[in-house]
Amino acid sequence: GKSLKTDSKLRKGLKHIVSFLFIAMLICLMTGKTRAYVMPAEQLVDLMSRNYSKFKTLVITQSTHLITPEDLEVQMILEEKIWLKSPGFHHSEIVEQSDGWDPVANELMAKRPSTDMAFRHIFMAGDKNTIMALLSEMGINLNSVAFTRFDGVIAYRLGDEDARKPKLLIEKERFFPLLLNYRLWGDSGEKTVTVRFDDYRKVAKGWYPYEIAIFAGEDLEERYFVTDLQANIPVDPSFFEHREEHKKPPDEERLREVIDILKEKYQRTNSSMSGN
């Protein structure tokens, strides 16, 4: 009789253990599925672009700090003014001090890398399709989307995980761009540009980063601190006409082609998901 009671207790104990393991497995599976889901790139870019889709023009005055990568020391501070107009117009000017620059300053200016404006266009594109095309042109793999952490902040990563590959990090909470890494072709060939965005502030009906850091490869080269920003004031296109290097980007036709390709791709994806 004792052995029968013992066997019964063992069977009951095994049932409890099996039930517990089954429930634990279900919880793990459910949690894993929840954590694994991320929004597709198209939806993330749409939510991000809403933060500044109302911008038609921006006139930015900023303090530009030139950094020496070896010791991260600020070697020179410039006052710079930038005009941006959607879609794709931009121009920048350095405000020279009234007493001129000394020889050291002139040497630094001569060595200053040509400032790239590509990263600013994501704030002026106006719609998700144009931004998607810009990101694709920058070399970002829009099929690769995942969660990541950036300085302790949970973010979405658009692009490959490899640190050397182009990518865009978008804050999960507010959908602000945090970091943009992209390829840039110049006279010396291909180089990697990394831009970090900080200190977002409300501007008109949108948001804009008041602090921007520019890295060439892993070297910090410049930091920008916005001192004044005016949104949606009239800027006539003729302002840009005599500034040949700052007209619309020459690859605008290529961007249109990329937009059409992306539209066709996502239309096919949506049709297959709906069962059509």
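Residues numbered from 1 in each chain as written. Predicted model: local features only at pLDDT ≥ 70, side-chain atom pairs only at ≥ 80, totals over all residues. Heavy atoms only, no water.

## Some thoughts on the overall build of the protein chain
For step 1, the next point in the chain: Within the protein chain, the regular secondary structure consists of five helices and 10 strands.
For step 2, the next point in the chain: When burial is assessed residue by residue, the protein chain has 38% of its 276 residues classed as buried.
For step 3, the next point in the chain: Look at the contacts in the protein chain between residues 6 or more apart in sequence, and 53% of them connect residues 24 or more apart.
For step 4, the next point in the chain: A total of about 16,500 Å² of accessible surface is found on the protein chain, and carbon and sulfur atoms cover 54% of it. (Helix = DSSP H or I, 4+ residues; strand = E, 2+ residues; numbered from the N terminus. Buried < 20%, exposed > 50% of the residue type's maximum accessible area, 1.4 Å probe, protein only. Contact = heavy atoms within 4.5 Å. Areas by Shrake-Rupley, 256 points an atom, 1.4 Å probe, with all protein chains shown as cover.)

## Section: a negative patch on the surface
For step 1, the next point in the chain: A grouping of Glu70, Asp71, Glu73, Glu218 and Asp219 is seen on the molecular surface, where their side chains present a negatively charged patch.
For step 2, the next point in the chain: By secondary structure assignment, the location of Asp219 is in strand 10 (residues 219-231).
For step 3, the next point in the chain: Judged by its relative accessible area of 40%, Asp219 is partly exposed. (Patch = residues over 30% accessible without salt bridge, like charges linked within 9 Å, V, L, I, M, F, W, Y side chains within 5 Å. Salt bridge = Lys/Arg side-chain N within 4 Å of Asp/Glu carboxyl O. Lys, Arg positive; Asp, Glu negative; His and termini not counted. Charge placed at Lys NZ, Arg CZ, Asp CG, Glu CD.)

## Focus on the side chain of Lys85
For step 1, the next point in the chain: Relative to the elements of secondary structure, Lys85 occurs in strand 2 (residues 73-85).
For step 2, the next point in the chain: In terms of polar contacts, Lys85 uses its side chain to reach the backbone carbonyl oxygen of Val235, at 3.4 Å.
For step 3, the next point in the chain: Not counting the four nearest positions on each side in its chain, Lys85 is found in contact with Lys56, Thr57, Met124, Val235, Pro237 and Phe240. (Polar contact = N/O pair within 3.5 Å; in protein donor to acceptor, adjacent residues only side chain to side chain.)

## Description of the packing of aromatic side chains
For step 1, the next point in the chain: With the rule as written, the count across this model stands at 11 aromatic pairs.
For step 2, the next point in the chain: The interplanar angle of 45° and the centroid separation of 5.0 Å between the aromatic rings of Trp83 and Phe239 together place this pair among those described as tilted. Of this pair, Trp83 sits in strand 2 while Phe239 sits in the loop between strand 10 and helix 5 (252-273); the two residues are 156 residues apart in sequence, bridging distant segments of the chain.
For step 3, the next point in the chain: Residue Trp83 is classed as buried on the basis of its relative accessible area, which comes to 13%.
For step 4, the next point in the chain: According to the relative accessible area criterion, Phe239 is partly exposed, its value standing at 22%.
For step 5, the next point in the chain: The interplanar angle of 20° and the centroid separation of 4.3 Å between the aromatic rings of Phe176 and Tyr200 together place this pair among those described as stacked. One end of the pair, Phe176, is in the loop between strand 6 (167-171) and strand 7 (177-186); the other, Tyr200, is in strand 8 (residues 189-203), and 24 residues separate them in sequence. (Phe/Tyr/Trp six-rings, centres within 6.5 Å; stacked < 30°, edge-to-face > 60°.)

## Some words on the nonpolar core
For step 1, the next point in the chain: In this structure, Phe119, Leu135, Leu158, Leu180 and Tyr208 are the most contacted members of the largest nonpolar core, which totals 46 residues.
For step 2, the next point in the chain: With five residues, strand 8 is the single largest residue contributor to this core. (Core = buried A, V, L, I, M, F, W, Y, C linked by side-chain atoms within 4.5 Å.)

## Description of the environment of Ile214
For step 1, the next point in the chain: Among the secondary structure elements, Ile214 is positioned in strand 9 (residues 206-216).
For step 2, the next point in the chain: Judged by its relative accessible area of 12%, Ile214 is buried.
For step 3, the next point in the chain: On a C-alpha basis, the gap between Ile214 and Tyr224 in space is 8.3 Å, while along the polypeptide they are 10 residues apart.

## Describing unusual backbone geometry
For step 1, the next point in the chain: The omega torsion across Ser86 and Pro87 is 5°, close enough to zero to call that bond cis.
For step 2, the next point in the chain: Following the sequence through the fold, Pro87 ends up in the loop between strand 2 and strand 3 (89-95).
For step 3, the next point in the chain: Despite not being glycine, Phe175 shows a phi value in the positive range, around 60°.
For step 4, the next point in the chain: Structurally, Phe175 can be placed in the loop between strand 6 and strand 7.
For step 5, the next point in the chain: Despite not being glycine, Ala204 shows a phi value in the positive range, around 50°.
For step 6, the next point in the chain: Residue placement: Ala204 occurs in the loop between strand 8 and strand 9.

## With respect to helix 4 (residues 128-137)
For step 1, the next point in the chain: Here helix 4 has its buried residues at Thr130, Ile131, Met132, Ala133, Leu134 and Leu135.
For step 2, the next point in the chain: The N-cap residue of helix 4 is Asp127: its side-chain oxygen and the backbone nitrogen of Asn129 are 3.1 Å apart.
For step 3, the next point in the chain: Gly139 sits one or two residues past helix 4 and shows a positive phi near 95°.

## Let's talk about helix 2 (residues 41-49)
For step 1, the next point in the chain: Those residues of helix 2 that sit buried are Ala41, Leu44, Val45, Met48 and Ser49. Burial along helix 2 is one-sided: seen end-on, the buried residues are contained in an arc of 130°. (Arc of directions from axis to C-beta.)

## Let's talk about the pairing of strand 6
For step 1, the next point in the chain: Of all the five residues making up strand 6, five are buried; the element is thus mostly covered by neighbouring parts of the structure.
For step 2, the next point in the chain: Here five bridges tie strand 5 (residues 153-159) to strand 6, and the two strands are oriented antiparallel to one another. Counterpart to Tyr156 in the pairing with strand 6 is Ile170. (Pairing = 2+ DSSP bridges.)

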